[in-house]
Each structure stands twice: as C-alpha cells, then as structure tokens.
Amino acid sequence: MPLPETKPEFGIEAYMAWEDEQPERHEYLAGETFAMSGGTDAHYTILGNVFAELRTALVGKSCRAFISGMKLRIDRADAVFYPDVFVTCDPRDRQPDASLAKQYPSLVVEVLSGSTAAFDRGRKFELYQQIETLREYLLIEQDRKHADLFRKNEDGLWVLHPAGPGGVIRLESVGVELALEGLYEDVELELA
C-alpha cells in the first residue's frame, strides 16, 4: 500500500464527502487516506475477465458484481476500499443510500501485484473479515496462473482452496464456477 498522504485525520463520513471531490481515487483506513496507483496490462485484463465472467453468470439473479470504481465501506474496521471486483447479494446494497458505497458483499476479489500482495493477503484480508456477509475472498496472481480462494466455513474459519493451471474456482457464495484459464485470457505472462 502506498504511503499515507499528509491530510488531517477525519472519519468515514468526512472522507466520503472529500473523496467525492477528488480527481483521483483514495482508500481510507482509520483516519488516513491512501492514493490509489494504476495497474499493469495483466492486472486490468484479469480484472476485466473476472468481472465479465461474474456479470454474465449473475444475469437474472439477485446478486450484482461491481468493478474497481465502486467503494466498499467497512464501518467496523473504520475503512473504505476499492476492491478490484466484488459481488453483493444483499438488498441493503440496492438502497438509494448505497449508491456510492456498498457494505454487504458475499465475495471480494483482488488481483495481486508486487506492491499490494502482502497487504491484500494480510492486513486487508483481516479487515475484510470484519464484514459479516463476506463468505469468500479470492486472490488472483497476475504473473502466473494461480489463485487462492479463502472460504469461511460453518465454524467461522477461513479455509484455503488454491487453484492452478487447468483448475476451476468454485464460488459457493454466489453459485458460480470460474475456469482459471478463462481469467487469464489475453494475458501475456512472462516466462521465467
């Protein structure tokens, strides 16, 4: 995660008003804002593929997929993030007051990069776990065909379900299966 900007500390409501006026996006954590940086061709291609697959699979269902421009507000964690992709099936996220930020996702997807992987796997995952409706957290690597799906079981424990080349990711939270190969369509991976 980038270094925090030098801004006076403020709460989520003040952040939401401030963020609405900014030319670039910022994430919020405990009174601090963090400027969002751009991604690579591979990052955005994977992100687009995930969103397209989910969007298509969810047509006619009560769940909706959102792409990186939609905020995810986590009041219990005093945080607001812009996940790469997330899905919400909760009717509370369809209310007029949820037009700028959602709060009740079933699934969050992050495409990992060298600069964000540690944060996405560690602290950010810890903060996401404070969302009561969250059932699955999918991390997709952009430099090799691999994804780690964390699924919350009946005991409240997060269980890892990795997928490699030729694998299928079963997203039980939204009733969708994603072929890993399809997520990497048009992605040119560097061979080591």
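Our structure's up above, just so we're on the same page.
Residues numbered from 1 in each chain as written. Predicted model: local features only at pLDDT ≥ 70, side-chain atom pairs only at ≥ 80, totals over all residues. Heavy atoms only, no water.

**Focus: the state of the cysteines**
One pass over the structure, following the stated rule, counts one disulfide. Across a sulfur-sulfur distance of 1.9 Å, Cys 63 and Cys 89 are joined as a disulfide pair. Note on the Cys 63 and Cys 89 pair: the S-S dihedral is about 105°, so by sign convention the disulfide is right-handed. Residue Cys 63 is found in the loop between helix 2 (41-57) and strand 3 (64-67), and its partner Cys 89 is found in the loop between strand 6 (85-88) and strand 7 (101-102); the two are separated by 26 residues along the sequence. (Disulfide = S-S within 2.5 Å. Helix = DSSP H or I, 4+ residues; strand = E, 2+ residues; numbered from the N terminus.)

**A closer look at the sheet that holds strand 6**
Read from one edge to the other, the open sheet built from six strands follows the order 3-6-8-9-10-11, with strand pairing classed as mixed. The strands lining the two open edges of the sheet, one partner per strand, are strand 3 and strand 11 (158-163). Ignoring which end each strand starts from, the neighbouring axes of this sheet average 15° apart. As paired elements, strand 8 (residues 105-112) and strand 9 (residues 136-141) share six bridges and run parallel to each other. Note that in strand 9 the partner of Val 111 across the bridge is Ile 140. Sitting on the sheet, helix 2 is in contact with strand 3, strand 6, strand 8 and strand 9, with an inclination near 165° to strand 3. (Pairing = 2+ DSSP bridges. Axes fitted to C-alpha atoms, helices over the stretch in contact; angles between N-to-C directions. Contact = heavy atoms within 4.5 Å.)

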